[in-house]
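Chain by chain, the residues:
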Amino acid sequence: MEAFKTLLAMLLLLASALCSANGKTHEHEFVVQATKVKRLCKTHNAITVNGQFPGPTLEINNGDTLVVKVTNKARYNVTIHWHGVRQMRTGWADGPSFVTQCPIRPGGSYTYRFNVEGQEGTLWWHAHSSWLRATVYGALIIRPREEESFPFPKPKRETPILLGEWWDANPIDVVTEATRTGAAPNVSDAYTINGQPGDLYKCSAKGSVIVPIASGETNLLRVINAALNQPLFFTIANHKFTVVGADASYLKPFTTKVILLGPGQTTDVLITGDQPPSRYYLAARAYQSAQNAGFDNTTTTAILEYRNPPHSSPSKVKPLMPLLPAYNDTNIVTAFTKSLRSPKKVEVPTEVDESLFLTVGLGLNKCPPSFRARRCQGPNGTRFAASVNNVSFTLPNNISILQAQYLGIPGVFTTDFPARPPVKFDYTGNVSRSLWQPVPGTKAYKMKFGSRVQVVLQDTSIVTPENHPIHLHGYDFYIVAEGFGNFDAKKDTSKFNLVDPPLRNTVAVPVNGWAVIRFVADNPGAWLMHCHLDVHITWGLATVFLVENGVGKLQSIEPPPADLPLC
Ligand code: C2O
């Protein structure tokens with residue numbers, strides 16, 4: 001009996017130890033609903049979560065579990081994606097509409113359950129259905145485990161900075177109109193910081209976001225590019241940023257005046273109150289690498305305000321405006337990107353089992369014979385398109401790819417996505433018009449569990465070269481090299497950084513250039529890889545990696561939750 005009691009006590013102790021190793025569970029309710037939001041002198045019926053814009057900030061520690069019940073009270077289908085969360089064996093909680101789940105219909109609900117493990121820093125969540133993420137997004141902050149600390153001095157304050165993009169219209173109408181006409185969608189009317197355009201826009205001074213600081217303090221800004229279609233420069237007057245992390249992985253710290261974020265990317269920076277106590281603008285505006293394309297050239301601002309107690313009533317002096325890079329300053333982008341390093345030597349796969357070469361870029365479809373001219377308002381009576389290896393991705397519409405795969409339902413997708421372009425050409429040169437029209441398809445690329453994967457992402461100059469923020473779901477990857485022109489395995493492979501490359505979930509592929517990523521396919525599921533410019537996903541710049549189950553019990557995807565929405 002005594003021995004049994006001791007055993008029981010030991011078991012209980014073990015269980016509680018295991019529990020604490022597994023972290024806490026955080027339960028949240030997200031109600032997706034139409035909410036009155038006043039911006040740019042006008043009241044909009046924006047889709048929000050819980051009536052908040054931006055949506056609620058989720059704060060957890062590494063190792064914790066999130067349980068988020070999403071109820072859809074809006075009139076659109078919706079799903080929520082936890083951008084950058086690895087979703088180890090929980091692909092059902094990833095969120096992209098028709099890839100890992102059917103959308104949550106109006107009136108429906110679905111509970112996302114997942115664990116966050118081995119990631120620290122800043123991620124975010126957003127709607128992953130049509131263009132709803134224009135207003136449906138929020139920060140996901142992952143702090144170190146309770147007994148651990150940041151690999152830099154503990155910041156006095158932490159402020160999430162969500163860069164967004166605002167239309168003086170319903171964003172769903174904007175994309176619907178573009179899909180109807182085949183032309184490029186209207187550009188946005190403002191960028192925002194934490195939902196506010198800031199002083200430089202009409203009717204916006206009052207809501208301007210204030211970021212407080214005191215002299216001598218060092219604070220952490222968690223910067224997220226939640227804009228739909230625009231890479232953004234972000235800078236601050238008279239201060240410097242010390243970059244310490246990106247996409248929830250730490251970086252070797254370095255200082256810079258300006259950072260660049262493609263949509264989807266996050267960057268953690270420290271700022272120190274080392275300037276005369278006053279007011280300074282934080283500002284973001286476009287990095288525009290595409291040619292002959294319209295873009296929103298406005299500037300959003302927030303105010304860094306010194307609050308030095310006891311005289312803490314801040315002066316209302318006009319804030320100092322920083323200098324921003326020119327819209328097309330690719331040199332600044334390159335210099336910034338080259339500065340990103342992992343803090344120490346990392347485990348990059350040195351051998352590769354799967355080697356993919358993917359062209360990413362735009363295209364133009366000829367006007368289908370059944371279409372009237374008003375549906376072909378792209379250049380010279382065409383419709384805009386985009387593709388990966390000439391396949392313009394189309395979503396299924398009656399079941400998700402992951403469900404079809406799991407249940408063995410045929411006819412939803414094919415697994416013949418090509419590992420290299422069907423035709424070799426001078427990708428960044430003057431491309432023959434005969435190669436401008438992609439082929440639509442719902443094709444996935446299958447890989448074995450545990451494969452060591454290398455993907456070369458090659459921009460094309462079809463229609464226009466452009467910096468494409470390519471995001472892979474379900475994984476972080478090492479960016480081992482980037483360059484301009486066409487990737488040349490013979491001369492470029494020797495330049496790979498296999499020592500301390502940055503670990504990210506979104507890579508900004510250089511305009512008219514390429515990037516090489518590596519990762520181990522250790523997470524079974526159907527993982528979308530796409531350009532995070534929503535206009536390009538709309539046009540088909542996406543594909544799916546289908547990672548098979550492994551043999552071990554912990555190498556298979558979990559069974560789907562009982563409340564997984566049906567189509
Ligand atoms: Cu942040 Cu597929 O998305």
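Residues numbered from 1 in each chain as written. Predicted model: local features only at pLDDT ≥ 70, side-chain atom pairs only at ≥ 80, totals over all residues. Heavy atoms only, no water.

**Observations regarding the domain arrangement of the protein chain**
Here the domain parsing of the protein chain yields domain 1 (1-148), domain 2 (152-341) and domain 3 (354-555). Each of domain 2 and domain 3 was reduced to a C-alpha centroid, and the two centroids are 28 Å apart. Between domain 2 and domain 3 lies a buried interface of about 2500 Å² when both sides are counted; carbon and sulfur atoms form 51% of it. For the pair domain 2 and domain 3, the number of links is three salt bridges. (Domains from an automatic or database assignment. Buried area = accessible area lost by both parts, 1.4 Å probe. Salt bridge = Lys/Arg side-chain N within 4 Å of Asp/Glu carboxyl O.)

**Re the sheet that holds strand E11 (residues 210-213)**
Pairing within the open sheet is mixed, and its five strands lie in the order E11-E19-E18-E13-E16. With one partner strand each, in any of the chains shown, E11 and strand E16 (258-261) form the two edges of the open sheet. Going across the sheet, the axis of each strand differs from the next one's by a mean of 20°, ignoring polarity. The sheet contact formed by strand E13 (residues 232-236) and E16 spans four bridges and is antiparallel. Residue Thr 235 lies in a different strand from E16, and its bridge partner there is Val 258. Most of the contacts of helix H3 (residues 330-338) go to E16, to which it runs at about 90°, and overall it touches E13 and E16. (Pairing = 2+ DSSP bridges. Helix = DSSP H or I, 4+ residues; strand = E, 2+ residues; numbered from the N terminus. Axes fitted to C-alpha atoms, helices over the stretch in contact; angles between N-to-C directions. Contact = heavy atoms within 4.5 Å.)

**Here's the deal with the pairing of strand E29 (residues 506-509)**
Residue alternation in E29 divides its side chains into two sets, Thr 506 and Ala 508 and Val 507 and Val 509, and both sets are buried. Across four bridges, strand E26 (residues 468-472) lies against E29 in antiparallel orientation. Looking across to E29, one finds that His 468 is bridged to Val 509. (Buried < 20%, exposed > 50% of the residue type's maximum accessible area, 1.4 Å probe, protein only.)

**Examining the packing of aromatic side chains**
Enumeration according to the criterion identifies 25 aromatic pairs in this entry. Aromatic side chains Phe 384 and Trp 539 sit 4.6 Å apart centroid to centroid with 10° between the ring planes, which places their arrangement in the stacked category. Of the two residues, Phe 384 sits in strand E21 (residues 383-388) while Trp 539 sits in helix H6 (residues 534-539), which places them 155 residues apart along the sequence. The pair Phe 384 / Trp 539 is uniform in exposure class, with both members buried. Note on Phe 487 and Trp 514: the rings are 4.9 Å apart at their centroids and 75° apart in plane angle, and the pair reads as edge-to-face. Of the two residues, Phe 487 is situated in the loop between strand E27 (477-484) and helix H5 (489-492) and Trp 514 in strand E30 (residues 513-520); the sequence distance between them amounts to 27 residues. Judged by relative accessible area, which is 12%, Phe 487 ranks as buried. (Phe/Tyr/Trp six-rings, centres within 6.5 Å; stacked < 30°, edge-to-face > 60°.)

**Points about the sheet that holds strand E2 (residues 42-49)**
The strand order E2-E1-E4-E6 describes an open sheet built from four strands, whose pairing is mixed. This sheet does not close on itself; its edge strands, each paired only once, are E2 and strand E6 (109-115). Going across the sheet, the axis of each strand differs from the next one's by a mean of 25°, ignoring polarity. By the bridge criterion, seven bridges tie strand E4 (residues 65-72) to E6 in an arrangement that is antiparallel. When the bridges of E6 are listed, Val 68 appears paired with Tyr 112.

**Some remarks on unusual backbone geometry**
In most cases, non-glycine residues show a negative phi, while peptide bonds are predominantly trans. Geometrically, the link from Phe 53 to Pro 54 is a cis peptide bond, its omega value of -10° lying close to zero. For Pro 54, the position within the fold is in the loop between E2 and strand E3 (58-61). With a phi angle near 50°, Asp 247 is a residue other than glycine that sits in the positive phi range. Unusually for a residue other than glycine, Val 463 sits at a positive phi of about 65°. By secondary structure assignment, the location of Val 463 is in the loop between strand E25 (452-459) and E26.

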